[in-house]
Amino acid sequence: MHIMKTHSMEGQVKFQKRIPKDIHEWDIDSVREFIGGYWDADGNITSKRNTKIVLTSIVPELLEEMKFLLLKFGIHSTIYKENRIFNNKVYTESYSKNFKGKNYIYRLYISTIEDVKLFKENFYFLQKNKQDRLDNIDKTIKKTKRDHICIFKDGEKYDDSI
């Protein structure tokens, strides 16, 4: 708990989660462990349509911070805003009282062969089922071209020309 307090992470709630402000001062191995641990908790490997490594949050700023951290390792990613879906139903205001009107989520995708390879070289999962999927992802990934970088402001895409 001391580490959480030291890095201003203690007491963060779902809607206000952020990456530690001083993470850019950490040594590269500590950054690597933080990213791997965060992905271990909130990330996934999905094979719907095209295999990709995914991190989900309701806080777009958190994913933007993670996106820039990944660039330290040469990993490109894309962030999308998506409707919340459960049991094939899109959440509505009345259906999702616990989400304070946040009927959408944001997902950060790592989806090209090159970026997935870099992710595998730099990070690992403690959860065995996730690590097994990461170890075998080369066999299922198809996308070869990187997406261009999109910049978000206030949760909305405002520049994708970079």
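Residues numbered from 1 in each chain as written. Predicted model: local features only at pLDDT ≥ 70, side-chain atom pairs only at ≥ 80, totals over all residues. Heavy atoms only, no water.

## Some points on the overall build of the chain
For the chain, the count of helices and strands is five helices and eight strands. Ordered by position from the N terminus, the helices and strands of the chain form the series α-α-β-β-α-β-β-β-β-α-α-β-β. Considering the chain as a whole, with its 162 residues, one finds that 40% of them fall into the buried category. Long-range contacts, defined here as pairs at least 24 residues apart, represent 65% of the contacts in the chain between residues at least 6 apart. By element, 51% of the accessible surface of the chain is carried by carbon and sulfur atoms, the whole surface being about 10100 Å². (Helix = DSSP H or I, 4+ residues; strand = E, 2+ residues; numbered from the N terminus. Buried < 20%, exposed > 50% of the residue type's maximum accessible area, 1.4 Å probe, protein only. Contact = heavy atoms within 4.5 Å. Areas by Shrake-Rupley, 256 points an atom, 1.4 Å probe, with all protein chains shown as cover.)

## Remarks on the packing of aromatic side chains
In this structure the tally under the stated criterion is seven aromatic pairs. Among the aromatic side chains, those forming a connected cluster through ring pairs are Trp39, Phe73, Phe119, Phe123 and Phe125. One cation-aromatic arrangement involves Lys130 over Phe125; the distance from NZ or CZ to the ring centre is 5.9 Å. (Phe/Tyr/Trp six-rings, centres within 6.5 Å; stacked < 30°, edge-to-face > 60°. Lys NZ or Arg CZ within 6 Å of the ring centre and 35° of its normal.)

## Details of the pattern of salt bridges
A full pass over the atoms with the stated rule returns three salt bridges. Here Arg107 and Glu82 are joined by a salt bridge, their closest N and O atoms 2.6 Å apart. Placement of Arg107 in strand S6 (residues 104–110) and of Glu82 in strand S3 (residues 78–83) is noted, with a sequence separation of 25 residues between them. (Salt bridge = Lys/Arg side-chain N within 4 Å of Asp/Glu carboxyl O.)

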